[in-house]
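So the chains spell out like this:
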2 protein chains.
Amino acid sequence: MNAGKQKIDLRDVARLAGVSLGSASRAMNGAGASAATQEKVNQAAAALGYRPNHAARVLRSRLSRTVGCLLPDISNPLYAQVFRALEDEFLRHDYLLLLANGANDVDRETKALGTFTQRGMDGVILAPGNERNAALVEALRVLPMPAVVFDREVSGAHDAVLIDHAGGVRRVVEHLLGLGHRDIALVLWQGDTRPVRRRVQGFRTAFQAAGLPVPDLLVQARSVTASVKAEVTELLARPDRPTALIVQGTHMLNSALRAIAARRLQVPRDISVVAIGDTPFAAEHDPAVSVLDIDQAETARCLVDLLLTRIADNGLPQRRARVGLRYVERDSVAAPPRYS
Amino acid sequence: MNAGKQKIDLRDVARLAGVSLGSASRAMNGAGASAATQEKVNQAAAALGYRPNHAARVLRSRLSRTVGCLLPDISNPLYAQVFRALEDEFLRHDYLLLLANGANDVDRETKALGTFTQRGMDGVILAPGNERNAALVEALRVLPMPAVVFDREVSGAHDAVLIDHAGGVRRVVEHLLGLGHRDIALVLWQGDTRPVRRRVQGFRTAFQAAGLPVPDLLVQARSVTASVKAEVTELLARPDRPTALIVQGTHMLNSALRAIAARRLQVPRDISVVAIGDTPFAAEHDPAVSVLDIDQAETARCLVDLLLTRIADNGLPQRRARVGLRYVERDSVAAPPRYS
DNA sequence: ATGAAAGCGCTAACAG
DNA sequence: CTGTTAGCGCTTTCAT
């Protein structure tokens, strides 16, 4: 066996480079060393295959170059995509990203925050399942490192990146109104979270701004993963059945489409459909479903920028970034059928 | 502001407990301290809200209680589920799990392993995208910590957890053969990875064991996320069209079902369908699709057990655990239509 | 079983 | 800009 696998420390590098330990450290950190020293140290490090000991670095500098990320559920493709985008973005900045699944469980979330603290994360990005929970708010208040809240309204002076759900839904409704639709249904889940609240609000605003009555066509499933087939079926059986559906994408689109198919309605001839959140399923469906899409990359950039600038300077005022939604028109939207 | 947020160190705890620093340390680690000392230290720690400094602990003990996990793509729900199960399992053992997306990109994978090394992971769990890539194999060879390979055949003396794809597919084929099906198609992607190879093998074995010719009905999509609508449509147009389809679940099931619907065939009356990998989509489809399902929890337990026992004792011989697949029968399988 | 003391590998503070 | 020195918070000897 090779005698020393990871035994090369900075002292060895310094010795080979013919400089002091301190200079070697400065050279490695790219600050306060002459070009000549830089060069010598870099070469020595490369020659020895030196890898800095992260724990020592963290212990001494009190900076871990690691951030924690607490998301409700990584098996939801939308969050998985955000995580991937975040990972890329942090990697670019030489930061490591830690993931924890909150699973809409305050206990789990609080525990994850505790782990983040203990492991000395430099910062945290989080989207709690229940944003109004007192225990969560308290855990967040005592958090010793900066936090950026993702698309939630959590009380406290945290930075936040907020998705413009209201604006997005409003735009879709206006588009549908323009095509002649009046009976537009909104299918969501009933959770008390910002995205849901704002979508409903955008829905209402669009009708009000157009001087139209807000239709009583709001369907709210019990859970974010529930099927809405029964509810949508019931909706479609009404005499004043909707001519357009705006449906939460990940889990509900499928059951909504099946309810439509079961009643032998055709998309978009008999009914138009827009999904909230883009997925392969929506894109590959026949007809391809128009969607309201989040720009994951831009969202990630915002989150990372907010967190990194705050880690660099905690004196900054509280900031809130807003990210718009993109309406991707595909083949599931048309003018409503003529009324008989 | 509160003067000290995280300034309570073990020295403070020891002082309050009236014992030495060393005893406090031993008490915290639950080894080599008297019950009385244990108690005093625990109380003092609780009273002060002491949280051990992880970096210091790692630096001194050379154990990070952290493992890295390198998966091809977390936005694939199947991997997302495995990750969640792993997270739970490691949390139970007081380990932290780090996730990196390999994205079927050897560069990215190698880099991730480098990060894992530098950050002092105690071990690694990985499912490389390309298991035969030389650079990857080399990166794995020089890895200074134990690795457990998940469902891949990577050369090297690593422990591995292997899913019994061959057995699973064979069982499904045998079930279909028993119902009278002969023209059974297998729809996968064409990647050169163990799961794909073993599924094909199980498919062949089933026919051979039954003394039947292996049908020439293998469809292989270019990528794991590609649509197979065109291919399946072509398949269904043949005079000897298959009466049963076994389809990779996550991305291909949807397009396969659409191809079936487009030809106005009904499941299961005209054609039976079995998906590989369970998803909400399969379960909620109408008719609900029978699937070959991985037991995520058991898989996670195996992986964690293998890794943790090896971390504890690196002298162990190489081990390979096998995990079976569960056939979940739903409504998409029936006897084949009568031949005209 | 306990206390005292010695570092783990690194960065930061201090002189020069 | 550089070398020297101290010490981050903890675990782990080594004596007792």
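Residues numbered from 1 in each chain as written. Chains lettered and ligands numbered in written order. Predicted model: local features only at pLDDT ≥ 70, side-chain atom pairs only at ≥ 80, totals over all residues. Heavy atoms only, no water.

### Structural notes on the side chain of A:Arg119
Spelled out, the test is: The helix and strand labels rest on DSSP assignments: H or I over at least four residues marks a helix, E over at least two residues marks a strand, and numbering proceeds from the N terminus. Here the term buried applies to any residue with accessible area under 20% of the maximum for its type, exposed to any over 50%, and partly exposed to those in between, with areas from a 1.4 Å probe on protein chains only. A residue counts as positive if it is Lys or Arg and as negative if it is Asp or Glu; His and the chain ends are not included. Salt bridge criterion: a side-chain nitrogen from Lys or Arg within 4 Å of a carboxyl oxygen from Asp or Glu. We call two N or O atoms a polar contact when they sit within 3.5 Å, provided that within protein one can donate a hydrogen and the other can accept it, with sequence-adjacent residues counted only if both atoms are side-chain atoms. The contact criterion used throughout is that any non-hydrogen atoms of two residues lie within 4.5 Å.
Mapping A:Arg119 onto the fold places it in the loop between helix H6 (106-118) and strand E3 (123-126). Buried charge A:Arg119 goes without a salt bridge, the closest partner of opposite sign being B:Asp94 at 6.0 Å. Engagement of the side chain of A:Arg119 in a polar contact is seen with the side chain of B:Thr66, the distance being 2.4 Å. For A:Arg119, the residues in contact, after removing those within four places along its chain, are B:His54, B:Ser64, B:Arg65, B:Thr66, B:Asp94, B:Tyr95 and B:Leu96.

### Digging into the protein's contact with DNA strand C
The condition that has to hold: Residues are counted as near a molecule or strand when any one of their heavy atoms sits within 4 Å of it. Each residue is assigned to one of three groups, with Ala, Val, Leu, Ile, Met, Phe, Trp, Tyr, Cys and Pro labelled nonpolar, Asp, Glu, Lys and Arg labelled charged, and all others, Gly among them, labelled polar.
Around DNA strand C, a shell composed of 25 residues is seen, among which A:Leu10, A:Tyr50, B:Ser23, B:Thr37 and B:Arg60 lie nearest. Restricting the count to atoms of DNA strand C within 4 Å of the protein gives a sugar and phosphate share of 61%. Within the side chain of A:Arg57, an N or O atom sits 2.9 Å from a phosphate oxygen of DNA strand C. The separation between a phosphate oxygen of DNA strand C and a polar main-chain atom of B:Ser20 is 2.9 Å. Every element with two or more residues in the surface near DNA strand C is listed here: helix H2 (21-28) and helix H4 (54-61) of chain A together with helix H2 (21-28) and helix H4 (54-61) of chain B. When grouped by side-chain class, the residues that make up the surface near DNA strand C number eight nonpolar, ten polar and seven charged.

### Here we look at the UniProt feature "domain: HTH lacI-type" (unreviewed entry) in chain A
Here is the rule: UniProt positions are given in the numbering used here, feature names are shortened, and annotations may be inferred rather than shown by experiment.
Feature annotation in UniProt assigns "domain: HTH lacI-type" (unreviewed entry) to the following positions: residues 10-61 of chain A. Secondary structure across residues 10-61 of chain A divides into 73% helix and 0% strand, with the first and last C-alpha atoms of the span separated by 15 Å.

### What to know about the sheet that holds strand E7 (residues 218-221) of chain A
Residues and elements named next belong to chain A. The criterion, for reference: In this scheme, strands are said to pair when DSSP sees at least two bridges between them. Helix axes are fitted only over the stretch in contact, all axes being lines through C-alpha atoms; the angle between N-to-C directions runs from 0 to 180 degrees.
With mixed pairing, the six strands of this open sheet are ordered in space as E7-E6-E8-E9-E10-E12. On the outer flanks of this sheet lie E7 and strand E12 (325-328), each paired with one strand and no other. Recorded for the sheet is a direction-independent mean angle of 15 degrees between the axes of neighbouring strands. Pairing analysis gives five bridges linking strand E8 (residues 244-248) to strand E9 (residues 272-276), with the strands arranged parallel. Looking across to E9, one finds that Val247 is bridged to Ala275. Strand contacts of helix H9 (residues 194-209): strand E6 (184-189), E7, E8 and E9, with the helix running at about 170 degrees to E6, the strand carrying the most contacts.

### Describing the protein's contact with DNA strand D
Residues in contact with DNA strand D amount to 26 residues; listed here are only the nearest, A:Ser23, A:Thr37, A:Arg60, B:Leu10 and B:Tyr50. Among all atoms of DNA strand D positioned within 4 Å of the protein, those belonging to sugar or phosphate total 59%. With respect to DNA strand D, the side chain of A:Ser34 contributes an N or O atom lying 2.7 Å from a phosphate oxygen. Between B:Asn53 and DNA strand D, the recorded distance is 3.1 Å, taken from a backbone N or O atom to a phosphate oxygen. Taken together, the elements giving at least two residues each to the surface near DNA strand D come down to H2 and H4 of chain A together with H2 and H4 of chain B. By residue class, the composition of the surface near DNA strand D is eight nonpolar, eleven polar and seven charged.

### Quick word on the packing of helix H10 (residues 229-237) of chain A against helix H11 (residues 252-262) of chain A
All names here are of chain A. Using the following cut-off: An angle below 35 degrees is read as roughly parallel, one above 145 as roughly antiparallel, one from 65 to 115 as roughly perpendicular, and any other as oblique. Crossing handedness: left-handed means the near helix sits turned counterclockwise from the far one by under a right angle, and right-handed means the same turn made clockwise.
At a closest axis distance of 8 Å, the pairing of H10 and H11 adopts a crossing angle of 40 degrees. Judged on the interaxial angle alone, H11 and H10 are oblique. For the pair H10 and H11, the sense of crossing is right-handed. Contacts between H10 and H11 pair Lys229, Val232, Thr233 and Leu236 from the former with Ser255, Ala256, Arg258, Ala259, Ile260 and Ala262 from the latter. Its residues placed into classes, the contact of H10 with H11 shows six nonpolar, two polar and two charged.

### A word on the relation of the copies chain B and chain A
Operational definition: Least squares is used to superpose the copies, and the fit set is the C-alpha atoms of residues whose pLDDT is at least 70 in both copies.
In screw terms, the move from chain B to chain A is a rotation of 180 degrees and a rise of 0.0 Å along the axis, fitting with an RMSD of 0.2 Å. This pairing of chains is accounted for by a two-fold axis. Residue B:Ala55 of chain B places its C-alpha closer to the rotation axis than any other residue of that unit, at 2.4 Å.

### Looking at the nonpolar core
Cut-off, in case you're wondering: Nonpolar core, defined: a set of buried Ala, Val, Leu, Ile, Met, Phe, Trp, Tyr and Cys residues in which side-chain atoms within 4.5 Å join the residues together.
The biggest cluster of nonpolar side chains holds 158 residues, and the ones touching the most others in it are A:Leu86, A:Phe90, A:Leu245, B:Leu86, B:Phe90 and B:Leu245. Apart from the residues lying within four places of it in its own chain, the contact partners of B:Leu245 are B:Ala185, B:Val187, B:Val232, B:Leu235, B:Ala256, B:Ile260, B:Ile271, B:Ser272, B:Val273 and B:Val274. In this structure, A:Leu96, B:Leu98, B:Met121 and B:Leu136 belong to the second largest nonpolar core, which totals 44 residues.

### As for the interface of chain B and chain A
Here is the rule we go by: In this description, buried area is defined as the sum, over both parts, of the accessible area (probe of 1.4 Å) that is lost when the two are combined.
Taken together, the 48 residues of chain B in the interface contact 50 residues of chain A. Both faces considered, chain B and chain A share a buried interface measuring about 4100 Å² in area, 53% of it formed by carbon and sulfur atoms. For the pair chain B and chain A, the number of links is eight salt bridges. Here B:Arg108 makes a salt bridge to A:Glu87, at a shortest N to O gap of 3.3 Å. Run the count over chain B and chain A and you get 18 residue pairs in polar contact (both at pLDDT 80 or more). Those elements that place two or more of their residues in the side of chain B that touches chain A are H4, helix H5 (77-92), strand E2 (96-101), helix H6 (106-118), helix H11 (252-262) and helix H12 (280-284) of chain B.

### Some words on the pattern of salt bridges
Pairing between side chains of opposite charge can happen when their charged atoms approach one another. Residue and element names in this part refer to chain A. Tallied over the entire structure, the rule returns 45 salt bridges over all chains. A salt bridge links Arg15 to Asp12, with the nearest nitrogen and oxygen atoms 3.4 Å apart. One end of the pair is Arg15 and the other is Asp12, both in helix H1 (residues 10-17) and three residues apart, which spans about a single turn. The class for Arg15 is exposed, based on a relative accessible area of 56%. Judged by relative accessible area, which is 23%, Asp12 ranks as partly exposed. Connected via shared salt-bridge partners are Glu131, Arg132, Asp151, Glu153, Asp192, Arg194 and Arg197.

### Some words on the domain arrangement of chain A
Note on interface size: it is often stated as the accessible area lost on association of the parts. Which entries qualify depends on this criterion: The domain limits used here are those given by an automatic or database domain assignment.
For chain A, the assigned domains read domain 1 (10-61), domain 2 (66-163 + 296-324) and domain 3 (165-294). Between the C-alpha centres of domain 1 of chain A and domain 3 of chain A there is a distance of 59 Å.

### Here we look at the packing of aromatic side chains
Our working rule: Pairing of aromatic rings covers Phe, Tyr and Trp, the last counted by its six-membered ring, and requires centre-to-centre distances within 6.5 Å; plane angles under 30 degrees mean stacked, over 60 mean edge-to-face, and any other angle means tilted.
The tally for this structure, following the rule as stated, stands at five aromatic pairs over all chains. Relative to A:Tyr95, the ring of A:Phe90 lies with its centre 6.2 Å away and its plane at 45 degrees, an arrangement referred to as tilted. Given the relative accessible area of 7%, A:Tyr95 is considered buried. Each ring, one from A:Phe281 and one from B:Phe281, has its centre 5.4 Å from the other, and the planes form 55 degrees; the classification is tilted. Of this pair, A:Phe281 sits in helix H12 (residues 280-284) while B:Phe281 is found in helix H12, placing the two residues in two different chains. You'll find A:Phe281 and B:Phe281 in the same group, each marked buried.

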